Amino acid sequence: MRKKEKQVYIVPGRECGECTACCINFTIDSPELVKLPNIACENLLECGGCSIYDNRPDVCNKWFCAWRNLQELDNSWRPDKNGIILEFSEENFPGVFAGRIGFKFTVIDKEKPFRNRKFINFVEKQLKNNVPCILSYGNKPSELPAVAFLNFALHHAVASGNKNAIKKELLKVMDACEKQPIEKLAIVNGKIVEVS
């Protein structure tokens, strides 16, 4: 008996358009495609779009950012506009958050998310509801971004209900990510490896 494919809901009419964030920012290490972080995929066309779109590997074909899945996120949440790739995450969350589905915020532009309150409001809502959330930040070519667990880092700011305090703590998290030791990656024999 064949395993049933998991159905993914896509908001009707919501297309990637000019956004190519996932084709640039993510690390991909699969049998079909190997790509370093913060470097454009070899299949990304100069004008945008994928040169192998009709035959793209499953790792690309079956992945969607949360903006494509969640009706509540308006068009300002498209990653290239908002400066964040929001995705569902099943990370190895700590303690009481273990085994739960949460969100991962991959920051691709440090300034854009703070131009309106939607990002802060969304983060605050998730953390108040004990949804596990992580932030990934670091956009240097071939360097693995640092990751921070927001539920702990923003606990006091969210409890205070002060939006400015939440913004301040989010910026502190990004600054801390920038100071993390750098993990430089390279492709060796078709595999991604850490290099010193």
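Being a predicted model, the structure only gives us computed values, none of them experimental. (Residues numbered from 1 in each chain as written. Predicted model: local features only at pLDDT ≥ 70, side-chain atom pairs only at ≥ 80, totals over all residues. Heavy atoms only, no water.)

### Quick look at the nonpolar core
Among soluble globular proteins, nonpolar side chains are generally buried collectively. Rules: Nonpolar cores are built from buried Ala, Val, Leu, Ile, Met, Phe, Trp, Tyr and Cys residues. Side-chain atoms within 4.5 Å join them into one set. Exposure classes here rest on a 1.4 Å probe applied to the protein chains alone. A residue is buried below 20% of its type maximum, exposed above 50%, and partly exposed in between. Segments assigned H or I by DSSP are reported as helices when at least four residues long, segments assigned E as strands when at least two residues long, and all are numbered from the N terminus. A contact between two residues is defined here by any heavy atoms of the two lying within 4.5 Å.
In terms of nonpolar packing, the biggest core is built from 37 residues, with Phe103, Phe105, Leu135, Leu150, Leu154 and Leu170 touching the most fellow members. At the level of elements, α3 (66-69), β3 (84-89), β4 (102-107), α5 (118-128), β5 (133-137), β7 (146-149), α7 (155-160) and α8 (163-178) are the ones that each hand at least two residues to this core. Not counting the four nearest positions on each side in its chain, leucine 170 is found in contact with Phe114, Phe119, Ile120, Leu135, Leu150 and Leu154.

### Digging into unusual backbone geometry
The phi torsion at serine 142 lies on the positive side, around 70°, for a residue other than glycine. A positive phi is found at asparagine 189, a non-glycine position, where the angle reads about 55°. Locating asparagine 189 in the fold gives a position in the loop between β8 (183-188) and β9 (191-195).

### Concerning the packing of aromatic side chains
For clarity, the threshold we go by: Put simply, two rings from Phe, Tyr or Trp (the six-membered ring, in Trp's case) pair if the centres are within 6.5 Å, and we call them stacked under 30 degrees between planes, edge-to-face over 60, tilted for the rest. As a reminder, the over-ring test applies to NZ of lysine and CZ of arginine, requiring each to be within 6 Å of the ring centre and within 35 degrees of the ring normal.
Within this structure, the stated rule accounts for 11 aromatic pairs. When the centroid spacing of 5.2 Å and the interplanar angle of 70° are considered together, the rings of phenylalanine 103 and phenylalanine 122 count as edge-to-face. Of this pair, phenylalanine 103 sits in strand β4 while phenylalanine 122 sits in helix α5, placing them 19 residues apart in sequence. Residue phenylalanine 122 is classed as buried on the basis of its relative accessible area of 6%. Among the aromatic residues, ring-to-ring pairing joins Trp77, Phe88, Phe103, Phe105, Phe114, Phe119 and Phe122 into one connected group. The positively charged end of arginine 56 is found above the aromatic ring belonging to tyrosine 53, 3.7 Å away from the centroid.

### Notes on the side chain of arginine 14
The criterion, for reference: Residues scored as positive are Lys and Arg, those scored as negative are Asp and Glu, and His as well as the terminal groups of each chain are ignored. Salt bridges, as used here, are contacts in which a Lys or Arg side-chain nitrogen is within 4 Å of a carboxyl oxygen on Asp or Glu. Between N or O atoms, a polar contact is any pair within 3.5 Å; within protein, one atom must be a potential hydrogen donor and the other a potential acceptor, and residues adjacent in sequence are included only when both atoms are from side chains.
Within the element layout of this structure, arginine 14 appears in the segment before α1 (21-25). Aspartate 74 is the oppositely charged side chain nearest to the buried, salt-bridge-free arginine 14, at an N-O distance of 7.0 Å. Engagement of the side chain of arginine 14 in a polar contact is seen with the backbone oxygen of tryptophan 67, the distance being 2.6 Å. There is a polar contact of 2.8 Å between the side chain of arginine 14 and the backbone oxygen of leucine 73. The contacts of arginine 14, once residues within four sequence positions are left out, are Trp67, Arg68, Leu70, Gln71, Leu73, Asp74 and Asn75.

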